[in-house]
Amino acid sequence: MDGAHKLTLGIDIGGTGLKAAVVDEDARMLTDRVRVATPIGAPPAKFVEVLAGLVAPLGAFDRVAVGFPGVVRNGRVLTAANLGNDTWIGFDLAQALEASLAKPVRIANDADLQGLAVIAGKGVEMVITLGTGFGTGLYLDGRLAPHLEIAHHPFRHGETYDQQLGNVARKEIGGSRWNKRVEKAIGNMRRLTNFDHLFIGGGNAKKIDFALAPDVTVISNEAGMEGGVALWRH
Ligand code: BGC
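Rules and cut-offs
Residues numbered from 1 in each chain as written. Predicted model: local features only at pLDDT ≥ 70, side-chain atom pairs only at ≥ 80, totals over all residues. Heavy atoms only, no water. Helix = DSSP H or I, 4+ residues; strand = E, 2+ residues; numbered from the N terminus. Contact = heavy atoms within 4.5 Å. Phe/Tyr/Trp six-rings, centres within 6.5 Å; stacked < 30°, edge-to-face > 60°. Buried < 20%, exposed > 50% of the residue type's maximum accessible area, 1.4 Å probe, protein only. Domains from an automatic or database assignment. Buried area = accessible area lost by both parts, 1.4 Å probe. Salt bridge = Lys/Arg side-chain N within 4 Å of Asp/Glu carboxyl O. Nonpolar A, V, L, I, M, F, W, Y, C, P; charged D, E, K, R; others polar. Near = heavy atom within 4 Å. Polar contact = N/O pair within 3.5 Å; in protein donor to acceptor, adjacent residues only side chain to side chain. Areas by Shrake-Rupley, 256 points an atom, 1.4 Å probe, with all protein chains shown as cover. Pairing = 2+ DSSP bridges. Axes fitted to C-alpha atoms, helices over the stretch in contact; angles between N-to-C directions.

Asks: I would appreciate a short explanation of the environment of G202 in the present structure.
Replies: In this structure, G202 sits in the loop between β13 (197-201) and β14 (216-218). In this structure, the C-alpha to C-alpha distance between G202 and F134, residues 68 residues apart in sequence, is 8.9 Å. Discounting residues that sit within four places of it in the chain, G202 has contacts with Q114, T129, L130 and N221.

Asks: Explanation requested: the packing of aromatic side chains in the structure shown.
Replies: Both the distance between ring centres and the angle between the ring planes are used here to describe each pair of aromatic rings. Overall, the coordinates contain five aromatic pairs when judged by the stated rule. Centroid distance F47 to W88: 5.0 Å. Interplanar angle 80°. Geometry classified as edge-to-face. With F47 in helix α1 (residues 44-55) and W88 in the loop between β6 (76-77) and α2 (93-101), this pair connects stretches of sequence that are 41 residues apart. Just as F47 is buried, W88 falls in that class too. Measuring from ring centre to ring centre gives 4.4 Å for F155 and Y161, while their planes differ by 15°; the resulting arrangement is stacked. In this structure F155 comes out as buried when scored by relative accessible area, which is 11%. Residue Y161 is classed as buried on the basis of its relative accessible area of 6%. In textbook terms, an aromatic cluster arises when at least three aromatic residues are bridged by ring pairs, as seen for F47, F68, W88 and F91.

Asks: Would you take a moment to explain the domain arrangement of the chain for this structure?
Replies: Looking at the assigned domains, one finds that the chain contains domain 1 (3-113) and domain 2 (119-218). Contacts between domain 1 and domain 2 engage eleven residues on the former and 14 residues on the latter. Counting each side, the surface lost to burial between domain 1 and domain 2 is near 800 Å², with a carbon and sulfur contribution of 53%. Applying the counting rule to domain 1 against domain 2 returns zero salt bridges. Here the element with the most residues in the side of domain 1 that touches domain 2 is helix α3 (residues 110-118); it accounts for three residues. Classifying every residue of the side of domain 1 that touches domain 2 gives four nonpolar, six polar and one charged.

Asks: Just checking my understanding: could you explain the site of the ligand for this structure?
Replies: Lining the immediate surroundings of the ligand are P69, G70, N82, N109, D110, G133, F134, G135, E149, A151, H152 and D162. One nitrogen or oxygen atom from the main chain of G70 is found 3.4 Å from an oxygen atom belonging to the ligand. Measuring from an oxygen atom of the ligand, one finds a side-chain N or O atom of N109 at 3.0 Å. Relative to its free-state accessible area of 310 Å², the ligand is covered by the protein chains to the extent of 95%. In the shell around the ligand, the residues fall into three nonpolar, six polar and three charged. Both domains that meet at the shell around the ligand, namely domain 1 (3-113) and domain 2 (119-218), each give it at least three residues.

Asks: Please explain unusual backbone geometry as it appears in this structure.
Replies: Trans peptide bonds make up the majority, and among non-glycine residues the majority have a negative phi. For D141, which is not glycine, the phi torsion reads 50° and is therefore positive. The phi angle at N194 is positive, at roughly 50°, despite the residue not being glycine. Tracing the sequence through the fold places N194 in the loop between α6 (175-193) and β13.

Asks: Looking at this structure, how should I read the pairing of strand β4 (residues 63-68)?
Replies: On any regular strand, side chains alternate: one points to one face of the sheet, the next to the other face. Buried residues dominate β4, accounting for six of its six residues. Of the two faces of β4, both are covered, the one formed by R63, A65 and G67 as well as the one formed by V64, V66 and F68. Across five bridges, strand β1 (residues 8-13) lies against β4 in parallel orientation. Note that in β4 the partner of I11 across the bridge is V66.

Asks: Sorry, what's going on with the pairing of strand β8 (residues 124-130) here?
Replies: Counting buried positions along β8 yields six of seven residues, so the element is predominantly enclosed. Note that β8 and strand β9 (residues 134-140) share seven bridges and pair antiparallel. Across the sheet, the residue bridging to T129 is G135, located in β9. Here β8 pairs with β13 via five bridges, running parallel.

Asks: For this particular structure, what's the right way to read the sheet that holds β13?
Replies: Pairing between sheet strands relies on hydrogen bonds along the backbone, with the strands arranged either parallel or antiparallel. With respect to topology, five strands assemble into an open sheet ordered β10-β9-β8-β13-β14, the strand pairing being mixed. Either end of the sheet is taken by a strand with one partner, and the two such strands are β10 (143-144) and β14. The sheet strands contacting α3 are β8, β9, β10 and β13, and the helix crosses β9 at an angle near 50°. Helix-sheet contacts for α6 involve β8, β9, β13 and β14, and the interaxial angle to β8 is about 155°.

Following this line, the structure appears as structure tokens:
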């Protein structure tokens, strides 16, 4: 089978749900998007078991692309702040999933992966995702830069971007205060990276209620699946 006809199993490991679907080379969904609650606090081996069960009914695929909510390098997890179990640190998730699913596996940070689906491939492009946490990805001329874990950097009043902008904070402080923080964070990202374009994804992107500058665009939450295909082209 040539590269153009390969089927990708896209897996999104989220802070609240594990999601998966099989997509074609154009990221068209060939199966339902299946979902199960994230077993927060469980050891990584349990995640692998739950994922294997989740994707079993989806049928055939040639390769796997995983978006992970932390820092991953060469398939190995370096941080997993939202998953509630320290044994993630150093865990070779790519190897464990390859053993379980019997197909090659590539893994990227979830925000890095989303951005791959939407960037134009020119200049400095950035993605932020507003969901359980605050995801970020940075690209130069279409190439993914090393992951900067901005989520855990100080933002306001001694709290991190994750703590101030994550879903828990949004529910606590309400939409209007949260929107002010998002606006401020976008300003910080602009000063930090001088992006040519910023994309905003994640489940809470639709909750933004202020006018965005012309170089800032909200993207669809489906970008994760397209990003999975792009990861195999990258
Ligand atoms: C993690 C990031 C991740 C983001 C979105 C943060 O808590 O540290 O690596 O991209 O959440 O899931």
